[in-house]
Amino acid sequence: MPRKLSKEEVVTLKTLKTRRQSNCQIARILGVTEGSVRYHLRRDGLPDRRRNKSRKADEVAAAIEHWIEDQQERADGRPINVKLLFDWLTAEHQYQGSYRSVLRLVRAKYPRPKLRPLRRVETPPGAQAQVDWGEFTDLEIGDGPQKLFAFVMVLSHSRKEAVIWSQRMDQLAWHHVHNEALRRLGGVPAVLRIDNLKTGIVRGAGPWGQINQAYRAYARSVGFHVDACLPHSPEDKGKVESKVRLLRRLDPRGRRFESLADLQSWTDQRLARSDGDRICPATGLSVQASWRAEQRHLRPLGILPEVFDLAVTRSVYKDCTVSFEGRTYSVPFTLCGRLVEVRGCAEEVQIVYDGRVVAEHPRHSRERLQLNPAHYEGPGDDRVHPPVPLGRMGRRLVEIVLQPVEERPLDLYAALMEVAR
C-alpha cells in the first residue's frame, strides 16, 4: 500500500525537483513510488477538491451539536467519545453514514479540550498500600496445569510488595490474601487503595461506591481505610499496576511446583532477593532498607481476624440469641438488647462485640438452633440481670443434651422422674 507523504516530504520533493532531480531519484530518496512523485508534482498549485466536499454527517449536524453540548456539561474536560455519538445517531436518528464521516465532522468543528495534567504525589511512609490481582494460566502445580490468581499488595512509599497465590477470588479468598500479604509486610498501612471488584465495592465505583459490608467489617477489624480508585483510571494505582507487570516478568510458568505452598515459597524467596537489588525512588536506598525504615510507621499487626465472606449487624433478642442464615445462635446474656456483628467464616459463625469475638458456633450445621449453656451463666451488670437459675429438672436436661448420643440414658422418662422425686 503506498505510503502517504507528510507536508515536510512534499516540500522536500518540490525542492529536489527544482534542483533537476529525476522522478525516479526523488522516489528512491523519499522511499515512495515514482507514480506518487508524479501525482504530487501534477497537483502542485491546484486546490484540494476534497477540502470542501460535503459529508454525510452534515445531515445530522444539529443533532450532533445538541449531543456534544449535553455531554460537555457533564464531561469535566474529558474528550468527546465519538463512538458513543455514532451509536446514538444510529439508534435515535437512523443515521446511515459511516463512523469516519462523524469523526471527520467532529474533528473539524470541535477543538480538542485542554490537557489536564496529572498531579504526581509521593506518599509518606505508612500512609498507603495499593492492591490488585493478576491471572496466570497453565501453572504446573501438583497434579497438572492450573489457573491461579496472584494478589499483589505494594507499599506506596518503599515499594515493598507481597504476592499471594490463590485458587479463587471470592470473598473468603479476598480476606485470606489480605491477611497473608499484611503478615509479609509486617504491619498495616493507614489506607488501602483497591480496584472496584465486587469483593471490595459492591455497588458503584470509586469514592462514591458502596463498600462491601463484609470487607468494611474486615477493614474495621484490621484497622485501615478503604480507598477505591476511580474507574478507568489505572494511574490511580500505578505502583501496583507496575508490580503486576513485574510479576509477569518473573513468570513462574515453565516451572513445576509440588504444591501451592511450594509456589508461594518460591515467590517469597524471589521477591526477597529483588528487594536488596531494587532502588526505592523516594529514598534512593534499596527497597529492603526503605521498607525496614517504613515499618515503624505501619500500624502493629496484632491478631488478624479469621477470614469471613459475610458480615451483618444483628440485635440480640431477649432470649440471648441472634438470627443468621436461617439459624439461631446464642450469645452471652450480658449483650441482651445490644447490636452485635455476626460473621460467616469458612467453618464457623463468629459473633463480635466491641472488636472482640464473644461467641463461636459451627456454620451451616444441620441443627437450626445452636445454644451454649455457658452464655446464660455468670453475674449480671448494671444494665442486665442474670437469667433465672435453672432448677434441678432444667440442669438435668442440660446435662443430657451435652452428653454424647451414645451415652444418653435410654429411658429418658425414668431419668427425669428420678430428678422429680
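Each remark here, short or long, concerns the structure printed above.
Here's what I pulled together on the structure shown here. These numbers come from a predicted model, not from an experiment.

Below, the discussion takes up the sheet that holds strand E11 (residues 327-330). Strand order in the open sheet formed by three strands is E10-E11-E15, and the pairing between neighbours is mixed. Only two strands of the sheet have a single partner each, and these edge strands are strand E10 (321-324) and strand E15 (369-370). Note that E10 and E11 share four bridges and pair antiparallel. Residue pairing for E11: Ser323 is matched across the bridge by Thr328.

Across the interface, helix H1 (residues 7-18) lies against helix H2 (residues 23-30) with an axial gap of 10 Å and an inter-helix angle of 145°. Both H1 and H2 take part in a crossing whose hand is right-handed. Residues Glu9, Thr12, Leu13, Leu16 and Lys17 of H1 pack against Asn23, Ile26, Ile29 and Leu30 of H2. Of the residues in the contact of H1 with H2, the class split is five nonpolar, two polar and two charged.

A cluster of like positive charges, contributed by Arg100, Arg104, Arg107 and Arg112, occupies part of the molecular surface. Among the structural elements, Arg104 can be located in helix H6 (residues 99-109). With a relative accessible area of 44%, Arg104 lands in the partly exposed category.

Among the residues of helix H11 (residues 287-294), those classed as buried are Val287, Ser290, Trp291 and Glu294. Down the axis of H11, the buried set is contained in an arc of 100°. They therefore lie on one face. Of the surrounding elements, those touching the buried residues of H11 are strand E2 (144-155), helix H7 (171-185) and helix H10 (260-277).

To continue, consider unusual backbone geometry. Of note in the backbone geometry, Asp138 takes a positive phi value of approximately 60° without being a glycine. Its location among the elements puts Asp138 in strand E1 (residues 128-141). Although it is not a glycine, Asp354 adopts a positive phi angle of roughly 55°.

Where strand E13 (residues 348-353) and strand E14 (residues 356-362) come together, six bridges link them in antiparallel fashion. Looking at the pairing, Ile351 lines up with Ala359 of E14. From the end of E13 to the start of E14, which pair antiparallel, there are two residues, and Asp354 there has a positive phi angle of about 55°.

The rules behind each value
- Residues numbered from 1 in each chain as written.
- Predicted model: local features only at pLDDT ≥ 70, side-chain atom pairs only at ≥ 80, totals over all residues.
- Heavy atoms only, no water.
- Pairing = 2+ DSSP bridges.
- Helix = DSSP H or I, 4+ residues; strand = E, 2+ residues; numbered from the N terminus.
- Axes fitted to C-alpha atoms, helices over the stretch in contact; angles between N-to-C directions.
- Left-handed = near helix turned anticlockwise from the far one by under 90°.
- Contact = heavy atoms within 4.5 Å.
- Nonpolar A, V, L, I, M, F, W, Y, C, P; charged D, E, K, R; others polar.
- Patch = residues over 30% accessible without salt bridge, like charges linked within 9 Å, V, L, I, M, F, W, Y side chains within 5 Å.
- Areas by Shrake-Rupley, 256 points an atom, 1.4 Å probe, with all protein chains shown as cover.
- Salt bridge = Lys/Arg side-chain N within 4 Å of Asp/Glu carboxyl O.
- Lys, Arg positive; Asp, Glu negative; His and termini not counted.
- Charge placed at Lys NZ, Arg CZ, Asp CG, Glu CD.
- Buried < 20%, exposed > 50% of the residue type's maximum accessible area, 1.4 Å probe, protein only.
- Arc of directions from axis to C-beta.

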